[in-house]
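Residue-level structural notes
The primary structure of each chain is shown beneath.
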Amino acid sequence: MRILVVNVNTTAAMTAGIARAASEAASAGTEIIGLTPTFGAESCEGNVESHLAALGVMDAVLGYAGDYDAVIQAGYGEHGREGLQELLDVPVVDITEAGAQLAMMLGRRYAVVTTLDRTVPLIEDRLLLAGLDRHCTSVRASGMPVLDLEAHPDRAVTAIAEAAA
């Protein structure tokens, strides 16, 4: 099985980290192919960047020349999944929805910790659209910009843990 994991931002280092984590979690024999859009937002932190990212993500996936069995859109609450589903004949999974579904398998309720306050409505909307909002107790922001997660991983862990608590 070959799965395209497409980053929603144009930061190649983040794509490499996403692909590495996906490969570590993948079943034996599953090939993970990380894609970075050639245009869009360097960091998705709100609606403007999310809409730009949707176009970049669709372009990256449609421009990929090889075969694949599924697409994972690696952006929390980002736009574009529905467009990919219209364009493709393979499953398209958004990590917002996948994370919520996994959380509901582990317990009745879950919460989401995200980056900045302005991403909260995007995630809430994605969960509502997917019918996954009823079991979500809250969506909270850690106050960390997206790119700082990679640049300062220790601060990110602290900020996320504090928001979760």
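Structure report, in brief. Note that the structure is a prediction, hence the values are computed from the model and not measured.

**Section: the side chain of aspartate 94**
Note on placement: aspartate 94 falls in strand 4 (residues 92-94). Lacking a salt bridge, the buried aspartate 94 has arginine 126 as its closest oppositely charged neighbour, with an N-O distance of 4.2 Å. There is a polar contact of 2.8 Å between the side chain of aspartate 94 and the backbone nitrogen of threonine 96. Dropping the residues within four chain positions of it, aspartate 94 is found in contact with Gln73, Gly75, Glu78, Arg81 and Arg126.

**Digging into the layout of surface pockets**
Its boundaries defined by the atoms lining it, the largest pocket holds a volume of some 1,000 Å³. Among the secondary structure elements, those contributing two or more residues to the lining of the largest pocket are strand 1 (2-7), helix 1 (12-25), strand 3 (70-74), helix 4 (95-106), strand 5 (110-114), helix 6 (146-151) and helix 7 (153-164). For the lining of the largest pocket, the element with the most residues is helix 1, which contributes 7 residues.

**Brief notes about the environment of serine 50**
Locating serine 50 in the fold gives a position in helix 2 (residues 47-63). Along the sequence, serine 50 and glycine 77 sit 27 residues apart, while their C-alpha atoms lie 8.3 Å from each other. Within the structure, the side chain of serine 50 is placed 2.6 Å from the side chain of histidine 79, a separation counted as a polar contact.

**Side note on the pairing of strand 6 (residues 136-141)**
Of the pairings in the sheet, the one linking strand 5 to strand 6 comprises 5 bridges and is parallel in character. When the bridges of strand 6 are listed, tyrosine 110 appears paired with cysteine 136. Traced from strand 5 through helix 5 (residues 120-129) to strand 6, the parallel crossover comes out right-handed.

**What to know about helix 1**
Counted at 1.5 Å a residue, the expected span for helix 1 with its 14 residues is 20 Å, and the 20 Å between its end C-alpha atoms agrees. Along helix 1, the residues classified as buried are Met14, Thr15, Gly17, Ala19 and Ala22. In this structure, the buried residues of helix 1 make contact with strand 1, strand 2 (31-35) and helix 6.

**Some words on the sheet that holds strand 1**
In spatial order, the strands read 2-1-3-4; together these 4 strands make up an open sheet with parallel pairing. Bordering the open sheet on either side are strand 2 and strand 4, each of which pairs with just one other strand. Put simply, the sheet's adjacent strands are angled 25° from each other on average, direction ignored. Sheet strands touched by helix 2: strand 1, strand 2 and strand 3. Its angle to strand 1, the strand with the most contacts, is close to 150°.

**Some details on the pattern of salt bridges**
Going through the model one piece at a time under the given rule, you end up with 7 salt bridges. Among the salt bridges present, the one from arginine 2 reaches glutamate 31, with a minimum N-O distance of 2.9 Å. Taken together, the positions of arginine 2 in strand 1 and glutamate 31 in strand 2 put the pair 29 residues apart, joining distant regions of the chain. Of the residues examined, arginine 2 reaches a relative accessible area of 26% and is grouped as partly exposed. Of the charged contacts, one joins arginine 155 and aspartate 148 as a salt bridge, the two residues approaching to 4.0 Å between their closest N and O atoms.

Calculation notes
- The written sequence of each chain sets the order in which its residues are numbered from 1.
- Owing to the predicted nature of the model, reporting of local features is limited to residues with pLDDT of at least 70; listing and counting of side-chain atom pairs is limited to 80 or more, with chain, interface and lining totals taken over all residues.
- Calculation of side-chain values draws on the structure's entire complement of heavy atoms; hydrogens and water are dropped beforehand.
- Per the convention used, a helix needs a DSSP run of H or I reaching at least four residues, while a strand needs a run of E reaching at least two, with both numbered from the N terminus.
- Only protein chains enter the accessibility calculation, which uses a 1.4 Å probe. A residue is then buried if its area is under 20% of the maximum for its type, exposed if over 50%, and partly exposed in between.
- His is not counted, nor are the chain ends, whereas Lys and Arg count as positive and Asp and Glu as negative.
- Within this document, salt bridges are pairs made up of a side-chain nitrogen of Lys or Arg and a carboxyl oxygen of Asp or Glu, the two lying within 4 Å of each other.
- The definition of a polar contact used here is a pair of N or O atoms within 3.5 Å, where within protein one atom must be able to donate a hydrogen and the other to accept one, and adjacent residues in sequence count solely through side-chain atom pairs.
- Throughout, a contact is declared for two residues whenever any of their heavy atoms are within 4.5 Å.
- The distinction between a cavity and a pocket rests on a 1 Å grid over the protein atoms alone: a 1.4 Å probe fits inside a cavity but cannot get out, while a pocket stays open yet meets protein on both sides within 12 Å along at least five of seven lines, and a residue with an atom within 4 Å of a point counts as lining.
- Grid points are joined across faces, edges and corners, and a volume is the space filled by probe spheres set on the points.
- The pairing criterion is simple: DSSP has to find at least two bridges between the two strands.
- Consider the strands pointing away from the viewer: the crossover is right-handed when the path from the first strand over the helix to the second runs clockwise.
- What a helix should span is 1.5 Å times the count of its residues minus one.
- To get an axis, a line is fitted to the C-alpha atoms, and for a helix only the part in contact is used. The angle between two axes follows their N-to-C directions and goes from 0 to 180 degrees.

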